[in-house]
Structure formats: structure tokens, C-alpha cells
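Spelled out from the first residue to the last, the chains are:
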Amino acid sequence: MRLSATGVELILDLAAGYPVVLHWGQPLGDLAVADLRAATTPAAPGADLDDPVDPGMLRETARGYTGRPALRGHRGTHAFSPLFAVEDVAVDRAGATVRMADAAAGLALSLTLTLTEHGVLLIDQALTNAGDDVYSLDELSTCLPVPDRATETLDFSGRWLLERQPQRLPFAPGLRLREGREGRSGHDHTIVQCALTADATTERGEVWALGVLWSGGIRHLAERDVRGRGALGAGELLEAGEAQLAPGETYAAPTVAAFYSGAGLDGISAASHAWLRARPGRPASARPLTLNVWEAVYFDHDLATLTALADRAATVGVERFVLDDGWFGARRDDTSGLGDWVVSADAWPTGLAPLVEHVHGLGMQFGLWFEGEMVSPDSDLYRAHPDWILQVPGRVPPPARFQQVLDLVNPDAYAHVLGQVSALISEHGIDYLKWDHNRFLTDAGHAGTPAPRRQTQAIYRLFDELKRRHPGLEIESCASGGGRVDLGMVFHADRFWTSDQNDPLERQQIQRWTSLVIPPEMLGSHIGPTTSHTTGRTHGVGLRAATALFGHAGLEWNLLEATEDELAAITRFAALYREQRDLLHSGRVVRVEHPDPSAVVHGVVAADASRALFAYVQLATSSGITPAAMRLPGLTPDARYRVRVRDVVTGEVIQKRGPGWMGGDDVSGIALSGAALAQVGLRPPILRPEQAMLVEAVRI
Ligand code: DGJ
């Protein structure tokens with residue numbers, strides 16, 4: 001069976017009675033599958049099986065495979081080594097469903113492969129217990145082999161304030177396992193596990209990647225087995241005893257997305273962004289410039305100040321005003337109040353209505369912060385229902401940020417949160433929720449049984465229900481910054497808070513890599529305070545603006561303290577964002593391989609290549625006294641483009657004379673072909689460290 005779309009082909013061979021992937025990569029053209037099978041069947045070495053077989057997608061031990069099987073489980077002392085045989089295959093336009101069974105083990109497995117028009121392969125597996133006693137499922141991963149020339153791996157690590165840091169390693173023999181056990185995807189979540197050819201860069205080479213459409217415990221793996229074959233795997237990480245399938249019961253694994261690119265890492269982004277831009281429920285409206293008040297006022301809520309801040313925000317061009325933590329219950333700091341989603345009479349003696357009405361009156365949307373999956377021990381909710389937390393009976397989990405996790409599997413706790421949040425949305429006409437999740441799950445039990453999976457399903461259900469009740473409502477997924485940015489939440493939330501790190505130097509890398517599969521318009525990206533609250537470094541507004549521009553842009557800064565010059569710069573930035581956001585939120589993300597590590601170059605090219613906006617960001621002093629040329633790849637090679645600097649974020653530069661193409665003002669006198677821009681590029685001006693320049697190319 002062959003599935004092909006948009007430069008991707010999967011060839012699945014069922015001739016042996018089980019699913020074997022003969023090829024995952026570029027379309028192979030005219031061939032007979034039998035010949036491909038012959039070409040890929042290895043010799044029989046000594047000290048191995050007498051008849052070598054491909055382990056297939058399920059990698060069953062029963063076939064003589066000694067690497068990690070895709071399915072692990074048991075019925076106590078038996079059914080520990082399944083062996084599936086295909087029973088039937090149903091093929092449709094975009095894919096196929098293969099039904100398999102192991103009668104002796106009492107298991108039935110359905111495997112559905114769907115290749116989207118964007119070239120993203122979606123894989124669904126569902127395991128049914130067809131036996132007459134309980135089957136304990138430990139793992140059901142999706143595994144795909146990668147070619148031998150995929151000799152390197154790439155995944156992403158992270159922590160609070162430093163999410164999505166790339167780790168590129170040799171694809172060495174053995175098992176590389178990335179497991180998230182936080183009950184949320186976590187700051188360390190890789191989003192995808194990649195395998196690459198050694199020559200692969202952002203711009204060229206081959207990349208294979210797997211990611212899971214899930215926001216709870218997740219496992220990614222890259223394994224090179226003893227026979228030298230490499231494979232990627234991904235799936236949900238189940239807690240011990242979490243999936244006890246009763247007779248007739250089915251476990252539906254979260255969908256796994258498989259990406260292939262013959263055009264480097266940016267090709268993975270192009271496929272993923274196109275796929276996610278077509279997702280159901282994607283907001284159709286332009287992404288509003290947002291002001292979040294967290295780093296402006298923290299818990300210091302005061303109607304007069306926030307009203308003045310709203311006025312200032314509207315003046316500079318903000319379109320959405322978000323009131324963060326501190327407006328409810330006894331929440332005067334982070335030690336109390338979570339769970340009591342009622343407006344604090346102490347902080348808001350006249351209620352929220354005056355602020356909400358003021359914000360709406362200024363023509364801005366109003367957003368409100370919640371952390372509905374959590375409860376503070378110092379709260380009315382906890383005092384009334386101390387048993388409404390995820391826990392092992394008789395034990396309270398260690399507190400983190402002074403809070404516990406509310407058990408949303410408990411219908412009463414779920415109804416409490418849904419009811420209070422929904423009532424506030426209705427009462428105030430709230431347009432937007434920023435939904436936080438500031439602690440990981442430990443001892444995540446419901447009524448004595450493991451519950452991380454059901455807790456994740458509950459938050460999806462809650463978000464979906466809030467959106468159903470309040471059409472047009474948008475939700476931002478935040479978890480101490482980027483602790484819940486994943487391919488599952490993209491289908492339930494509309495924006496991610498990418499990181500609590502607002503220092504633009506750190507942000508450049510965090511955004512560059514978080515957008516590998518998540519489209520930039522979903523990545524909240526704010527101009528923070530002049531002196532960063534997280535690093536203590538001071539940056540001009542130019543670099544901060546140039547960084548925020550390339551996501552769903554916003555501000556998180558007390559504008560009441562900004563100077564006239566800064567306010568003017570922000571106003572220009574807001575206008576530029578409004579002008580460019582159609583391009584930035586629909587085009588192809590380009591991460592340029594720049595030769596000098598002192599600078600980062602990236603951009604977005606319109607889908608029809610009619611225009612592009614690139615950023616040159618000088619992180620440190622350039623190694624050459626004249627900085628290396630900035631290339632602008634991705635445009636139509638034989639079309640001509642006029643290039644010009646958008647001076648909005650260019651600070652004062654130290655040079656006797658600017659580079660030839662800049663011609664003394666911000667409008668370039670030159671036009672170059674897309675090929676010349678990609679290969680020769682443009683000589684940057686001599687920027688100081690921490691300055692940035694935006695260059696626009698428009699087809700003529
Ligand atoms: C963590 C978030 O990442 C911040 O943006 C802010 O909302 C705080 N929580 C509020 O407590």
C-alpha cells in the first residue's frame with residue numbers, strides 16, 4: 001500500500017501478514033513493491049535469526065526482535081509476548097485501517113494511517129482486550145523505521161525560562177528515551193523527536209520526526225538496534241497500572257504525527273504549520289496585539305492603575321488586554337486562593353466590571369487568567385473539599401508553588417471549575433482565558449487509581465465545553481511559561497505562552513525552536529520590561545520588538561513607566577505588526593544557517609513568495625569587523641525583489657558609511673533576484689551587540 005502527498009511517501013507492506021514499512025521518505029516513483037521488498041531484505045548474518053525478518057511497526061519480540069517492542073503488556077503471567085496477524089484492511093482516499101488480532105493473547109489492534117494533503121502522516125492505534133480477563137497495558141507506541149543514512153538525532157530539552165533547547169547527537173547504537181512524567185507535557189518536552197542525515201541543516205538535508213498529539217505523560221524514542229536499524233517511536237507514557245483493560249475495553253492511543261522533509265528542518269515546519277493552520281476551530285481573525293499585565297503589576301491589582309494602563313495600551317495600538325493572576329479569592333500572592341474563582345472584594349471592591357467595561361469601551365478584548373486545574377491548601381475550596389486533589393489515599397503530594405492539583409476526574413470538582421469559570425465569562429463578556437498550570441503532577445491518583453490520562457482528557461473536555469458555551473472564546477495554554485506547548489493542546493487552545501523568559505536574547509532561541517512544528521501565530525511573544533525580570537539584563541526596545549514581532553505579538557511591561565521615545569517606538573512596532581501579521585502568520589518560516597554565531601537570521605516568506613520579512617539579530621560582537629552577509633533564502637529564484645530596511649527596530653549604528661545597498665535612507669535603491677538574495681545576500685550594517693534589523697523584500 002502506498003500513501004503519497006506533498007513530497008512524502010509511505011510504503012506499507014502487508015504481504016507477510018503484518019505491517020512492515022518498506023519506505024518512509026520522498027516519493028519513489030514507478031516500482032513494484034515486491035522488488036522494493038527484495039531490495040530492502042537484508043542478508044542473514046551469523047549469530048542471528050535463520051530467516052531474517054523485518055520487525056514491522058509493532059516490533060514484536062515474537063518475531064525474533066530484540067529491541068524495544070511497540071506494545072508492552074500482560075495478563076499477569078501470560079499474554080506477555082503478542083504476535084499480531086492482519087485480519088482485514090480498509091483503504092480510503094487518504095489512508096487505510098489495518099485490523100490485526102492475536103487470538104492466543106486475546107488482543108485486537110487497529111492501526112489507521114492517514115496522510116494529510118500537507119504531507120503529515122497521522123497514525124492512530126487502538127488496542128482492544130478481546131480476552132476474558134483483564135489485560136494490563138504498559139505501552140503502546142508508534143514506531144517507524146528510518147533509513148540507515150539518518151545518522152543523527154535531534155530533540156529538545158528545557159526547563160523553566162529555557163524551553164526547547166536543541167540537542168543534536170549521533171544516532172548511536174542503543175535506545176535514546178525521552179520521557180515526560182509530569183502529567184503535563186512539561187518544559188522539557190521535545191514536541192518532536194527527529195532523526196536526520198548528517199548534512200541536514202535548517203535549510204537542506206533529510207529529516208524524519210515523530211510527535212504525539214497529547215499533553216500528559218509522553219514518551220519519545222530513537223533506537224538503533226543490534227542489527228543496526230534505526231527507528232523513531234512515540235506514544236503516551238502510561239503510569240504503572242493506569243491502563244487495565246477490562247474484557248471488551250479499548251485503549252485508543254493518542255494520535256502520533258510523522259513528518260518527513262527533504263528540505264531540512266524548515267521543511268518539517270512548512271508541513272506542520274500548513275497542517276495546523278487547517279485545524280478545526282483555528283481562529284479566523286488576525287491575532288490581536290496583546291498586553292498582559294503580569295510583569296507590569298504582578299499581584300498589585302489596583303483599578304486606577306490598571307485603567308490607566310488600559311488607556312495607555314489602547315493609545316499605542318493594543319487590541320487585547322489580559323488581567324493576570326491575583327484578581328480572585330484570597331490570592332494576594334502565590335500562596336493562596338487557587339480554586340476560589342470569584343472576584344476578590346478585597347482587591348476589587350467594585351468588582352471587575354469597571355475595568356472590563358473600560359477595556360471593552362476602548363475597543364480592546366478582555367482576557368482573564370485562571371489556573372483551574374489547581375487548588376491552594378489555603379483556599380475555601382480546599383478547606384471544604386480536601387479530598388478533591390489528585391493523591392494516593394492517605395498521602396498529600398509534596399507541594400509545588402504552594403499548591404496541589406485538583407482532581408478533575410472527580411465530576412464534582414470538574415463541575416465546580418466549569419461552573420465558576422463559565423459564570424464569570426458570561427457575566428463579564430470575557431473574550432479570552434489565559435489558563436496556567438504551574439505545577440507538575442505527582443502521586444496523580446483518583447480514588448486510589450492512577451489518573452494522569454483521565455486528568456488530561458478532562459482538561460481537553462473542559463476547554464472544549466467552555467468554547468462550546470461561549471462561541472468565539474479563545475484560550476491560551478500556559479504552564480509556568482512553556483510547560484504545556486505540545487501537539488495535543490494545539491487542538492484545544494489557541495495560543496501558547498512560549499516561555500516566562502522575556503529577555504529577547506534568550507527568546508530568540510526559544511522561539512526559533514518552539515516554532516519547529518508549532519506555527520508562530522500560536523506562540524505568545526511579548527516585549528518585556530526594559531530590564532528583564534528574569535535575567536536582569538537591559539535591552540533597548542528595538543531588540544525586544546524585533547523578537548516579539550515574529551510570534552503572536554504582545555507587551556508585558558508597565559507602559560506607565562515607558563518614556564515618550566519608547567512609547568513612540570511601541571506605536572511604530574504595533575503598526576508594523578498590524579501591517580505584517582498576515583504574512584508572518586501564513587508564510588513559510590525560514591531559519592537561515594548564518595555562518596557567524598554572533599548573529600541569528602530568520603524570516604517568513606509569503607506562501608506565494610511575493611514578499612518576505614527577515615530579521616538579522618546581532619546577539620554579540622560579530623567575529624568579522626564587517627559582519628557576514630545576511631542571506632534571504634526561500635524567494636522565487638528568477639523573480640526580482642526590492643529590498644529595504646524597516647527602520648523600526650534599528651538602533652543607532654556605528655559606521656562611517658552604511659553598506660552599499662542601504663543608500664543612506666531606509667529605502668534601498670537595489671532590486672535583486674531571489675537567487676541572488678538566497679546566495680549572495682546583503683551585507684548588514686555594523687550593528688552593536690543586541691541590535692536588530694528587519695529587512696523586507698517585495699517582488700516587483
Ligand atoms: C506563570 C506564568 O507563566 C506567568 O505568565 C504568570 O501568569 C504567572 N504564572 C502567574 O502566577
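Note: the structure precedes this text.
None of the values given here were measured: they were computed from a predicted structure.

A. Just the overall build of the protein, in detail. The number of helices and strands found in the protein is 12 helices and 38 strands. Taken against the 2.2 N^0.38 rule, which gives 27 Å for 700 residues, the C-alpha radius of gyration of the protein at 27 Å falls within 12% of a compact globule. Across the protein, every contact between residues at least 6 apart in sequence was considered, and the portion connecting residues at least 24 apart equals 70%. For the protein, the exposed surface amounts to about 25,300 Å²; the carbon and sulfur share of it is 54%. Seen as two clouds, the 63 positive and the 86 negative side-chain charges of the protein have centres 5 Å apart.

B. Quick peek at the sheet that holds strand β30 (residues 495–497). Spatially, β21-β22-β23-β26-β29-β30-β31-β32 is the arrangement adopted by the 8 strands of the closed barrel, whose pairing is parallel. Each adjacent strand pair in this sheet contributes to an overall mean axis angle of 30°, direction not counted. In the sheet, strand β29 (residues 474–477) pairs with β30 via 2 bridges, with the strands oriented parallel. Directly across from E476, in β30, lies its bridge partner R495. Along the sheet face, helix α5 (residues 353–361) touches β22 (320–323) and β23 (365–370) and points at about 140° away from the line of β23. Here helix α8 (residues 452–469) sits on the sheet and contacts β26 (432–435) and β29; the angle it forms with β26, its principal contact strand, is near 165°.

C. Examining the site of the ligand more closely. Not every one of the 13 residues close to the ligand is listed here, only the nearest: D324, D325, K434, D436 and D500. Here an oxygen atom of the ligand and a side-chain polar atom of D324 are 2.7 Å apart. Between R401 and the ligand, the recorded distance is 2.8 Å, taken from a side-chain N or O atom to an oxygen atom. Protein coverage of the free-state accessible area of the ligand, which is 300 Å², stands at 98%. Of the residues belonging to the shell around the ligand, the class tally is 4 nonpolar, 3 polar and 6 charged.

D. Region of interest: the sheet that holds strand β4 (residues 71–74). On the basis of which strands lie adjacent, the open sheet formed by 3 strands has the order β4-β9-β18 and antiparallel pairing. At either end of the open sheet lies a strand with only one pairing partner, and these are β4 and β18 (243–245). Recorded for the sheet is a direction-independent mean angle of 30° between the axes of neighbouring strands. The sheet contact formed by strand β9 (residues 135–140) and β18 spans 3 bridges and is antiparallel. Across the sheet, the residue bridging to Y135 is L245, located in β18.

Thresholds, definitions, all that
Residues numbered from 1 in each chain as written. Predicted model: local features only at pLDDT ≥ 70, side-chain atom pairs only at ≥ 80, totals over all residues. Heavy atoms only, no water. Helix = DSSP H or I, 4+ residues; strand = E, 2+ residues; numbered from the N terminus. Rg over C-alpha atoms; globule rule 2.2 N^0.38 Å. Contact = heavy atoms within 4.5 Å. Areas by Shrake-Rupley, 256 points an atom, 1.4 Å probe, with all protein chains shown as cover. Lys, Arg positive; Asp, Glu negative; His and termini not counted. Charge placed at Lys NZ, Arg CZ, Asp CG, Glu CD. Pairing = 2+ DSSP bridges. Axes fitted to C-alpha atoms, helices over the stretch in contact; angles between N-to-C directions. Near = heavy atom within 4 Å. Polar contact = N/O pair within 3.5 Å; in protein donor to acceptor, adjacent residues only side chain to side chain. Nonpolar A, V, L, I, M, F, W, Y, C, P; charged D, E, K, R; others polar.

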